[in-house]
Number of protein chains: 2
Amino acid sequence: MLRVPSHGECEILRAQDIVVADGVIEEVRPTGTLGATGTPGPLGASGPLDVSGPTGPSGAGHAVDVIDGRGLLAVPGLVNAHTHSPMVLMRGAAEDVTVEGWFNDRVWPMESNLTPADVRIGARLACAEMIRSGVTTFADHYFFPEQIAEAVAETGLRADIAPTYFSSRGEEALADTVKFAEAWHGRADGRVTVSLGPHAPYTVDDGDLRTLAGHARRLGLRMHIHAAEHLEQTQSSLERRGVTPIRVLHETGVLDAGALIAHGCGIVEQDLPLLAEYAGTTAVACCPKVYLKHALSPLTPVRDLLATGVTVAVGTDGAAGHNTLDVWEALRLVALTQKQAVRDATWMTVSDTLRLAMRGGARALGLQREIGALEPGMRADIVLTDLSGLHCRPLHDPRAALVYSARASDVRTVVVDGRVLMRDGRLLTVDEPALLAEADTRVARILDTSHGGAVQHYDP
Amino acid sequence: MLRVPSHGECEILRAQDIVVADGVIEEVRPTGTLGATGTPGPLGASGPLDVSGPTGPSGAGHAVDVIDGRGLLAVPGLVNAHTHSPMVLMRGAAEDVTVEGWFNDRVWPMESNLTPADVRIGARLACAEMIRSGVTTFADHYFFPEQIAEAVAETGLRADIAPTYFSSRGEEALADTVKFAEAWHGRADGRVTVSLGPHAPYTVDDGDLRTLAGHARRLGLRMHIHAAEHLEQTQSSLERRGVTPIRVLHETGVLDAGALIAHGCGIVEQDLPLLAEYAGTTAVACCPKVYLKHALSPLTPVRDLLATGVTVAVGTDGAAGHNTLDVWEALRLVALTQKQAVRDATWMTVSDTLRLAMRGGARALGLQREIGALEPGMRADIVLTDLSGLHCRPLHDPRAALVYSARASDVRTVVVDGRVLMRDGRLLTVDEPALLAEADTRVARILDTSHGGAVQHYDP
């Protein structure tokens, strides 16, 4: 089992059983010490691999589901701290273009084609892809949020869903996002939470940001917003209105409500004292694949943010930029790019990187008391990974293998809230072929941009 | 089938049969037009995926092996243009350290433990890993080269092997590298070629470089050498001796012999006219994962090199730095990092990236007339990839999927020189469990650095 402490080195604990009851981790104990409700196996010397014994509900009156984890490493489910899940429908449809071209010529025109039914299919496909890759929780930001919430409820994942809001959509749309929050926050046995989702300071005016922040405080919700996505946006904000995007979040009460900020590559030195004031409730999601792909520099100033106490988490962004929803890929890129960014190969260690993607992701969604580590009292979001493949062997250090060798395809079994969503590579809550067939009937229409419309124009 | 032209966009040709005879691609033709030697299948409309029909030896007097490639995309085998294959034994054993620490505290001490038998096992493991990930050719640079050559001969891969030489090893070692070249160049039905492998200008003196370059010219071999690995090495060379590492290669005749230069992140402007003189026979292998991991900046100046006509190829370097021998991962990182490096999201396109890893790799090894594309007359090095996974769907653009979504685990079938080395995920020339078990008995000894020895000291 991978132990992810709040500080210091992650550890590999061998031959542990994880006992789950009512969706919660009840106990973690050495294999073979399990009582009458489980079946201790002959889980002796198995080399450097962890052995996870029974996982699943136990206790009187319940059937006991024992997952034999011999030869597998149990890790906390990954958290995708920023994505737009239905954008899997546009995967690979906006390549080799500038940021402006990506928004104005490709993605925002395609998004104007989307119907609730499209989003319904896209969200389910995304959930399936995330389950397959060991992502147990995601922070989503998109249109037609009810469709996403239903996909999450149905597939068994955990998600925080922020309905995307542009000021151009008007008052009624703002009211709808609040209604969605009131209807869905805490639903699906608590697996669905809601944040309020103004798109960005350059697409939502200060009045709307204030209004939404007020609703967030009133409802006890967090905010999820793109801000200071890259340095040019910060410079543009300074030129146009004399303040940085982060200061806009401060002045409009967004930071006060508690914010998950997507990207933040344009967070500058003057922003740090501001962010420090709200450090306990502020997080930044770093999604390096899209920054590189869009030729951005600098990247999210992770070292500075962590030094101020701000939480940093790992995200994929939408698949129209990232091409996958693979958080293993994303966390590897966080490690690689952050080492280079500060010219220090000894930082963003293997342990720190895993912590970012697990505990960091949990904090970013305000779920640090529920997920992010395999400890008694935490929800049972458990991923069994197979590090026996050639690309991980010899397995000197399973932690290094997780960060630098493993692939999403090494994930074998995924448990969320104590429920098995994938078992030995077989998805249990999604009809993959039917979904894919349904998606294929929709793509030609979604990709058609001949109408000249768009959900918004990019000019930050 | 993926068509990789020398210039311009790569293309997806649907429903093609690839006819192979005596290890060579005889013909590529629309499915269903095959004559008496093959079995045209009902390979009709299969969506955006390519269909590759029969692959394997055909013709009178031979058994015909038909590989049903329906639903799979045939691509040219990937070329790993720079690696140290036996270093898989040290995978994950040198994390979160500086370049100096990596060499002097970890890798060079561990390498002093290696026996020929270790290298034998390591090379076979590496070959197996590369077959699994669709790498059909690699450029290796290591000690005990006979062991690697035998692994290549046995596993059926194609490789150019350069015996690593340090001047500290003395005249006899130099003579041995030449003997190895004379013995092995062109062996294994031509699948093994040899380059001469002085380690680097900072570990091999000018006299030895000259001597080796002379042997290379005499024997018609190329050179494979680390040079200008990062900018600090170039600056150090300028300070210590007033010339750049690239100029050293020029002055000692290495460039004249034809050189594959590993890394070249420290290639500076004054080097470009020099390299341009030898552009037709010079290549640089770019291995970005290790540059990021070692916190290097700048990276290989790929745009400048291509502008001079120098070939650029994609490599993984050894697994003690790269952690995998996965060229899909490496080529994706070339695209991502090069876009960022020149701040241009529209360059290093999907097509250019694939070309680098295929035709570029072939040129880098002097094999451009034999491999790098699926065309009549080329050796039959063919990889069938399965892009039907959720992480690739909907499949708007298979080329983008190859660069930004696909994983090594999507490789199903691998053919080298017309011989099937992996069939539907099953390795046919390697006993994986036996090899892994054998490797595990060796790792404790290999990782022990308590002796204080090292193969060399790093002080460029």
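The structure this text deals with has already been given above.
Here the structure is a predicted model, which means the values were calculated and not measured. (Residues numbered from 1 in each chain as written. Chains lettered and ligands numbered in written order. Predicted model: local features only at pLDDT ≥ 70, side-chain atom pairs only at ≥ 80, totals over all residues.)

The next point concerns the overall build of chain A. Helix and strand counts for chain A come out as 17 helices and 17 strands. Relative to the compact-globule value of 23 Å for 460 residues, chain A shows a C-alpha radius of gyration of 21 Å, a close match. Along the first, second and third principal axes, the C-alpha set of chain A runs to 65 × 50 × 45 Å. Looking at chain A as a whole, 61% of its 460 residues are labelled buried. Contacts spanning at least 24 positions in sequence make up 72% of the contacts within chain A whose residues lie at least 6 apart. (Helix = DSSP H or I, 4+ residues; strand = E, 2+ residues; numbered from the N terminus. Rg over C-alpha atoms; globule rule 2.2 N^0.38 Å. Buried ≥ 20, exposed ≤ 12 C-beta atoms within 10 Å, placed from the backbone. Contact = placed C-beta atoms within 7 Å.)

Take the sheet that holds strand β13 (residues 311–314) of chain B next. Backbone hydrogen bonds hold the strands of a sheet together, and the pairing may be parallel or antiparallel. All names here are of chain B. With respect to topology, 8 strands assemble into an open sheet ordered β6-β7-β8-β9-β10-β11-β12-β13, the strand pairing being parallel. The open sheet is flanked by β6 (78–83) and β13, the only strands paired with a single partner. Averaged over all neighbouring strand pairs, the angle between strand axes comes to 25°, with direction disregarded. Here 2 bridges tie strand β9 (residues 192–198) to strand β10 (residues 222–227), and the two strands are oriented parallel to one another. Opposite Ser195, over in β10, you have Arg222 as the bridge partner. (Pairing = 2+ DSSP bridges. Axes fitted to C-alpha atoms, helices over the stretch in contact; angles between N-to-C directions.)

Looking now at helix α3 (residues 145–155) of chain B. Residues and elements named next belong to chain B. Buried residues of α3: Pro145, Gln147, Ile148, Ala149, Ala151, Val152 and Thr155, and no others. Tucked into the core, α3 has its buried residues touching α2 (116–132), β7 (135–142), β8 (158–165), α4 (171–184), β9 and β16 (419–423). Positioned one or two residues after α3, Gly156 has a phi angle of 90°, which is positive.

This brings us to the relation of the copies chain B and chain A. The operation relating chain B to chain A is a screw motion whose rotation component is 180°, with 0.0 Å of axial translation and a residual RMSD of 0.0 Å. In short, the pair behaves as if placed about a two-fold rotation axis. Among all C-alpha atoms of chain B, that of Ser409 of chain B lies closest to the rotation axis, at 3.5 Å. In this assembly, 100% of the residues forming the interface of chain B have copies in chain A that are likewise at the interface, indicating an isologous arrangement. (Least-squares fit on C-alpha atoms with pLDDT ≥ 70 in both.)

Another aspect to go through is the interface of chain B and chain A. Accessible area lost upon the coming together of the parts serves often as the stated size of an interface. Listed by partner, the interface residues are 52 residues for chain B and 52 residues for chain A. Looking at the side of chain B that touches chain A, the elements that each hand over two or more residues are α2, α10 (288–293), α13 (327–341), α15 (398–404), α16 (432–440) and α17 (443–447) of chain B. Of the residues assigned to the side of chain B that touches chain A, the class counts are 22 nonpolar, 14 polar and 16 charged. (Nonpolar A, V, L, I, M, F, W, Y, C, P; charged D, E, K, R; others polar.)

Let us now look at the sheet that holds strand β8 (residues 158–165) of chain A. Residues and elements named next belong to chain A. Taken together, the 8 strands give an open sheet; going across it, the order is β6-β7-β8-β9-β10-β11-β12-β13, and neighbouring strands pair in parallel fashion. Across the chains shown, the open sheet's two edge strands, defined by having one partner strand only, are β6 (78–83) and β13 (311–314). If you compare each strand with its neighbour and ignore which way they point, the axes differ by 25° on average. Helix-sheet contacts for helix α5 (residues 206–219) involve β9 (192–198) and β10 (222–227), and the interaxial angle to β9 is about 160°.

Here we come to the packing of α13 of chain B against helix α14 (residues 350–364) of chain B. All names here are of chain B. In the contact formed by α13 and α14, the axes pass within 10 Å of each other and the chain directions differ by 135°. Relative to α14, α13 is oriented oblique. In the packing of α13 onto α14, the handedness of the crossing is right-handed. Between α13 and α14, the contacting residues are Val327, Leu331, Val334 and Ala335 on the first element and Thr353, Leu356 and Ala357 on the second. Residues belonging to the contact of α13 with α14 are distributed by class as follows: 6 nonpolar, 1 polar and no charged. (Parallel < 35°, antiparallel > 145°, perpendicular 65-115°, else oblique. Left-handed = near helix turned anticlockwise from the far one by under 90°.)

For the rest of this paragraph, the subject is unusual backbone geometry. Residue and element names in this part refer to chain A. Here the residue pair Ser297 and Pro298 is connected by a cis peptide bond, since its omega of 0° sits within 30 degrees of zero. Locating Pro298 in the fold gives a position in the loop between α10 (288–293) and α11 (302–308). At His263, a position not held by glycine, the phi torsion is positive, near 85°. Structurally, His263 is set in strand β11 (residues 259–263).

Following the sequence through the fold, Ile131 of chain A ends up in helix α2 (residues 116–132). Note on Ile131 of chain A: 25 C-beta atoms within 10 Å, which makes it buried.

Okay, the pairing of β9 of chain A next. Residue and element names in this part refer to chain A. Of all 7 residues making up β9, 7 are buried, and the element is well covered by its neighbours. Here 5 bridges tie β8 to β9, and the two strands are oriented parallel to one another. In the sheet register, Tyr165 faces β9, and the bridge partner there is Pro198. Chirality of the crossover, the property in question, places the unit of β8, helix α4 (residues 171–184) and β9 among those that are right-handed. Taking the sense of rotation as the criterion, the β-α-β connection linking β9, α5 and β10 turns out right-handed. (Right-handed = clockwise from strand over helix to strand, strands pointing away.)

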